[in-house]
Amino acid sequence: MAVGLCRCCCRALLARPAGALRALRGLAAGPETHFGFQTVTEEERREKIYQVFESVAKKYDVMNDSMTLGIHRVWKDILMHKMNPSPGTLLLDVAGGTGDIAFRFINYVRSVWERQLQRKLKNHQNLSWQEIFESYQKDKFNSLGNSQVVVCDINREMLKVGKQKAQHLGYTEGLSWVLGNAEELPFDDDAFDAYTIAFGIRNVTRIDLALQEAYRVLKPGGRFLCLEFSHVSNPLLSRLYDLYSFQVIPVLGEVIAGDWKSYQYLVESIRRFPPQEELKAMIEDAGFFKVDYENLNFGIVAIHSGFKL
């Protein structure tokens with residue numbers, strides 16, 4: 001289940017017993033909710049969303065590039081720069097099955113660590129060449145400064161795709177993969193320095209429960225960051241965006257992934273998602289402080305941020 005995460009660390013992180021399918025089945029059907037524009041029970045919604053992502057997992061990254069013309073990569077880079085993680089940070093990335101945020105985190109922390117190492121060596125000009133070499137090799141071996149990122153996703157197929165990508169791209173250090181439900185995370189209280197969820201909270205059935213769980217697993221002082229499609233502020237752009245979303249994206253889904261219905265749902269789910277101020281209020285209700293958000297591309301997406309104090 002884990003790559004590069006020590007066994008004792010895994011035991012600590014996975015202390016709370018939970019499994020995606022058990023959580024999926026154990027939660028009561030509850031009141032009616034929505035699946036895109038359909039009215040369904042909460043249990044039906046969970047099952048349908050699970051099926052959506054199991055269906056699109058293999059083409060998920062290709063579709064992201066196609067739907068956003070590659071701009072999703074820039075949005076994720078902005079999210080990482082906003083987090084600005086330092087070596088030693090322990091990150092939980094929820095609904096991050098294909099690893100995009102995790103890989104960016106590793107790259108970012110590795111870059112910071114290397115700059116710190118170079119400054120350290122420059123400040124020791126009186127060291128011999130051998131001492132510099134030995135110090136560099138020692139610190140270089142731990143290229144993440146003890147940072148770790150745990151990718152948690154409810155969908156096995158998404159995690160499978162993420163693991164394959166990590167192996168192909170050579171990410172073996174400081175990374176682990178955990179099957180788990182955002183509404184009932186399998187981790188101890190106060191376990192992580194940062195929590196990210198990118199284009200995932202929209203697909204959570206009970207957003208309030210997911211936010212409460214995010215608050216629970218963060219350490220005091222920890223940061224919550226959510227990157228999600230939101231509501232466009234410009235009326236003209238909003239109309240053009242609607243036209244593109246409903247007329248083009250499902251067609252791309254059919255052509256690229258052979259799945260019209262899943263991408264029709266994804267478009268509908270964006271329209272049903274709470275606007276920026278409403279989501280901000282929900283994050284505050286979960287207990288977070290200093291909650292704010294940044295609109296990107298006129299609100300096509302927004303990054304919400306909050307701290308556990």
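Residues numbered from 1 in each chain as written. Predicted model: local features only at pLDDT ≥ 70, side-chain atom pairs only at ≥ 80, totals over all residues. Heavy atoms only, no water.

With the rule as written, the count across this model stands at 9 aromatic pairs. Ring geometry for tryptophan 75 and phenylalanine 199: centres 6.2 Å apart, planes at 50 degrees, overall tilted. With tryptophan 75 in helix 5 (residues 71-83) and phenylalanine 199 in the loop between strand 7 (192-198) and helix 9 (207-217), this residue pair connects regions lying 124 residues apart in the sequence. Neither tryptophan 75 nor phenylalanine 199 differs from the other in exposure class; each is buried. Residues phenylalanine 187 and phenylalanine 192 carry aromatic rings whose centres are separated by 5.2 Å and whose planes lie at 85 degrees to one another, so their mutual orientation is edge-to-face. Given a relative accessible area of 0%, phenylalanine 192 falls into the buried group. Three or more aromatic residues joined by ring pairs make a cluster, and in this case those are Tyr195, Tyr215, Phe224 and Phe288. (Phe/Tyr/Trp six-rings, centres within 6.5 Å; stacked < 30°, edge-to-face > 60°. Helix = DSSP H or I, 4+ residues; strand = E, 2+ residues; numbered from the N terminus. Buried < 20%, exposed > 50% of the residue type's maximum accessible area, 1.4 Å probe, protein only.)

In the sheet, strand 9 (residues 289-296) pairs with strand 10 (residues 301-307) via 6 bridges, with the strands oriented antiparallel. Among the inter-strand pairings, tyrosine 293 is bridged to a residue of strand 10, identified as histidine 304. Here strand 9 folds back onto strand 10, and the loop between the two strands holds 4 residues, one of which, asparagine 297, carries a positive phi near 50 degrees. (Pairing = 2+ DSSP bridges.)

So, on to the confidence of the model for the chain. Confidence in the prediction for the chain averages 84 pLDDT; 81% of positions are at 70 or higher. Counting interchain partners and residues more than four positions distant, the pLDDT-below-50 stretch residues 1-29 has 64 contacts. (pLDDT = per-residue confidence, 0-100. Contact = heavy atoms within 4.5 Å.)

Attention shifts here to helix 9. One full turn of an α-helix is made of 3.6 residues, so residues set three or four places apart face in the same direction. Regarding helix 9, the residues found buried are Ile207, Ala210, Leu211, Glu213, Ala214, Arg216 and Val217. In this structure, the buried side of helix 9 is in contact with strand 4 (90-94), strand 7, strand 8 (218-229) and helix 13 (276-285).

What follows covers the packing of helix 3 (residues 42-56) against helix 12 (residues 260-272). Direction vectors running N to C along helix 3 and helix 12 enclose 120 degrees, while the axes themselves pass 10 Å from each other. Here helix 3 is positioned oblique relative to helix 12, judged by the angle of their axes. Of the two elements, helix 3 crosses helix 12, and the hand of that crossing is left-handed. From helix 3, Arg45, Ile49, Val52, Phe53, Ser55 and Val56 reach across to helix 12, where they touch Ser262, Tyr263, Tyr265 and Leu266. (Axes fitted to C-alpha atoms, helices over the stretch in contact; angles between N-to-C directions. Parallel < 35°, antiparallel > 145°, perpendicular 65-115°, else oblique. Left-handed = near helix turned anticlockwise from the far one by under 90°.)

On to a nonpolar patch on the surface. Where nonpolar side chains cluster on the molecular surface, the patch consists of Leu69, Ile71, Val74 and Ile78 and spans about 350 Å² of accessible area. By the element assignment, valine 74 lies in helix 5. A residue is classified by how much of its surface remains accessible, and valine 74, at 46% relative accessible area, is partly exposed. (Patch = residues over 30% accessible without salt bridge, like charges linked within 9 Å, V, L, I, M, F, W, Y side chains within 5 Å. Areas by Shrake-Rupley, 256 points an atom, 1.4 Å probe, with all protein chains shown as cover. Salt bridge = Lys/Arg side-chain N within 4 Å of Asp/Glu carboxyl O.)

Right, let's talk about the pattern of salt bridges for a bit. For the coordinates displayed, the defined rule picks out 13 salt bridges. Across the pair arginine 216 and aspartate 189 runs a salt bridge, and its minimum N-O distance is 2.7 Å. Within this pair, whereas arginine 216 is found in helix 9, its partner aspartate 189 is found in the loop between strand 6 (175-179) and strand 7, the two being separated by 27 residues in sequence. Under the relative-accessibility criterion, arginine 216 is labelled buried at 15%. For aspartate 189, a relative accessible area of 47% translates into the label partly exposed. Aspartate 242 serves as the salt-bridge partner of arginine 271, at 2.5 Å between the closest nitrogen and oxygen. Placement of arginine 271 in helix 12 and of aspartate 242 in helix 10 (residues 235-247) is noted, with a sequence separation of 29 residues between them. Arginine 271 gets classed as partly exposed once you look at its relative accessible area, which sits at 21%. What makes aspartate 242 partly exposed here is its relative accessible area of 29%. Salt bridges sharing partners connect three or more residues here, namely Asp61, Lys76, Asp100 and Lys165.

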